[in-house]
Amino acid sequence: MQQQPNTVVQPQPAFPIRELEQIESAIQASQTWLATLQQRRDALTSELERITRPLVIPAKPRPKTIGPGLEYRGEMTTHWNYIDIHIDLLRRLWVDFTDRREVMARAMGMHGTTRAYVAKTQPELFPGQSVVFAQRYSRTLVEGWYVDTNLNKERMRRILPAAVAAAGLKWGTDVRAFWRATPVQA
């Protein structure tokens, strides 16, 4: 019989498998914990941004300033002086309501004592006055009609609504005069 050489089995050093498992477990727990912390950090950051964001208060729109001028059937025109507002409105009425011219002229004339405010001739505007006076204080409204320009704002404020009503429009709705710059809501 032959003898087999003696094989010496050398003991292997003890491997710290438990430590490796603990490290793996700690890494997994740490990764889970980090993911949870990152989610919580993101939520807190969003909340912090929300509560510290400056309040945006919409600015109140400034009222629009219109006038002096005239609003006629939704269209605004600006004029520098009262007589231009007066003449512009009458001219629009005389052009748009040709069949109502006589009625409008009579309605305006009812607010005067001797003056007609609008007439077919310059002398008819100012009975008893010279032709030079009539020419100086009148303008052509439309062909065949003249308008008195020797008026103050208070007189215009009385006769224009009468002309508007005689045309069948409503003062303050269809037609508005702005005698000075006026703030309005947009």
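Every chain is numbered independently, its residues counted from 1 as its sequence is written. With pLDDT at 70 or above as the cut-off, local features in this predicted model cover only qualifying residues; side-chain atom pairs require 80 or more to be listed or tallied, and sums for whole chains, interfaces and linings still use all residues. By convention in this description, side-chain values take in all heavy atoms of the structure and omit both hydrogens and water.

(A) Structural detail: the overall build of the chain. Secondary structure elements follow DSSP: runs of H or I no shorter than four residues count as helices, runs of E no shorter than two count as strands, and numbering proceeds from the N terminus. Each helix and strand in the chain was counted, giving six helices and eight strands. Its helices and strands in sequence order give the chain the pattern α-β-β-β-α-α-β-α-α-β-β-α-β-β, from N to C terminus. Only C-alpha atoms enter the radius of gyration, while the globule expectation follows 2.2 Å times N to the 0.38, with N the number of residues. In terms of overall dimensions, the chain is more spread out than a globule: its C-alpha atoms have a radius of gyration of 46 Å, far above the 16 Å expected for 186 residues. Projected onto its principal axes, the C-alpha coordinates of the chain cover approximately 165 × 35 × 25 Å. Accessibility here uses a 1.4 Å probe with only protein chains present; expressed as a share of the type maximum, an area under 20% marks a residue as buried, one over 50% as exposed, and anything in between as partly exposed. Residue burial in the chain is summarised as follows: out of 186 residues, 29% are buried. Positive charges are assigned to Lys and Arg, negative charges to Asp and Glu, while His and the chain termini are left out of the count. Every charge is mapped to an atom, namely NZ of Lys, CZ of Arg, CG of Asp or CD of Glu. Side chains of the chain give 25 positive and 18 negative charges; the mean places of these two sets differ by 11 Å.

(B) A look at a nonpolar patch on the surface. Residues Phe15, Ile17 and Leu20 make up a contiguous nonpolar surface patch of about 320 Å² in total accessible area. Looking at Phe15, the relative accessible area reads 60%, which means it is exposed. Like charges within 9 Å and nonpolar side chains (Val, Leu, Ile, Met, Phe, Trp, Tyr) within 5 Å are joined into patches, using only residues over 30% in relative accessible area that form no salt bridge. For every accessible area listed, the method is Shrake-Rupley and the probe measures 1.4 Å; residues are considered covered only by the protein chains on display. Any Lys or Arg side-chain nitrogen found within 4 Å of a carboxyl oxygen on Asp or Glu counts as a salt bridge.

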